[in-house]
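A look at the structure
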Amino acid sequence: EAGVAQSPRYKIIEKRQSVAFWCNPISGHATLYWYQQILGQGPKLLIQFQNNGVVDDSQLPKDRFSAERLKGVDSTLKIQPAKLEDSAVYLCASSLTAGVDTEAFFGQGTRLTVV
Amino acid sequence: GIQVEQSPPDLILQEGANSTLRCNFSDSVNNLQWFHQNPWGQLINLFYIPSGTKQNGRLSATTVATERYSLLYISSSQTTDSGVYFCALPYSGGGADGLTFGKGTHLIIQP
């Protein structure tokens, strides 16, 4: 079974530029999450989708971050304009269903460096 | 929101040694996962263990939900066990049901 796919693996951009990350969840998984992991810390939840709808985006800095999952499968996370403090690994995860008793699986992440 | 504390923060061991990693949490839970983040950044699922004990090869985990802690045991450590081990529990905020992570235990296994 294929895992969660993310691209690109690495990205270096200058501050104030824009960047986009792509995620393809495990086939059949209805729930998709984006996390931000700053160096030395655990991942922090940014946004959760259930199919193509947003369940919660309260932790997403919506002045510069946006995310979509138009057809309920792939998802894109965008940052515009990027700041130095956005340097982090962006992880996508998926689970079969929503609910606190479901197991989540993570992709390899996209390492973003903003210079 | 739920608080997750992991200990020790850092651990250096020789190959072949055994280790115990601890995760304390502030609220009762019905979901707890242990992950290993390898040096390339991949988060690998180790255990989904809201309660009880599970074993997988050299690794085992125990969660005592009533006392709000979980333990991860690694026996006969190998250099490939190096990395960061995270405990994660249900996120409590808004309507999301993702995970809240501890700060992790950074494990280094020396040959």
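See above for the structure.
All values reported here derive from a predicted model rather than from experimental measurement. (Residues numbered from 1 in each chain as written. Chains lettered and ligands numbered in written order. Predicted model: local features only at pLDDT ≥ 70, side-chain atom pairs only at ≥ 80, totals over all residues. Heavy atoms only, no water.)

**Here's the deal with the environment of Gln 59 of chain A**
- Relative to the assigned elements, Gln 59 of chain A resides in the loop between strand E6 (53-56) and strand E7 (65-68).
- Classification of Gln 59 of chain A as partly exposed rests on a relative accessible area of 33%.
- When the C-alpha atoms of Gln 59 of chain A and Tyr 35 of chain A are compared, they prove to be 9.7 Å apart, with 24 residues separating the residues in sequence.
- Excluding its chain neighbours within four sequence positions, the residues that come into contact with Gln 59 of chain A are Leu 45 and Leu 46 of chain A together with Tyr 91 of chain B. (Helix = DSSP H or I, 4+ residues; strand = E, 2+ residues; numbered from the N terminus. Buried < 20%, exposed > 50% of the residue type's maximum accessible area, 1.4 Å probe, protein only. Contact = heavy atoms within 4.5 Å.)

**Quick notes on the sheet that holds strand E3 (residues 19-25) of chain B**
All names here are of chain B.
- Across the sheet, which stays open at both edges, the five strands sit in the order E1-E3-E8-E7-E6 with antiparallel pairing between neighbours. Two strands close off the open sheet at either side, each with one partner strand: strand E1 (4-7) and strand E6 (52-56). Looking at each pair of strands side by side, their axes are set apart by 15° on average, direction ignored.
- Relative to E3, E1 runs antiparallel, the two being bridged by four bridges. When the sheet's bridge partners are listed, Ser 7 is paired in E3 with Arg 22. (Pairing = 2+ DSSP bridges. Axes fitted to C-alpha atoms, helices over the stretch in contact; angles between N-to-C directions.)

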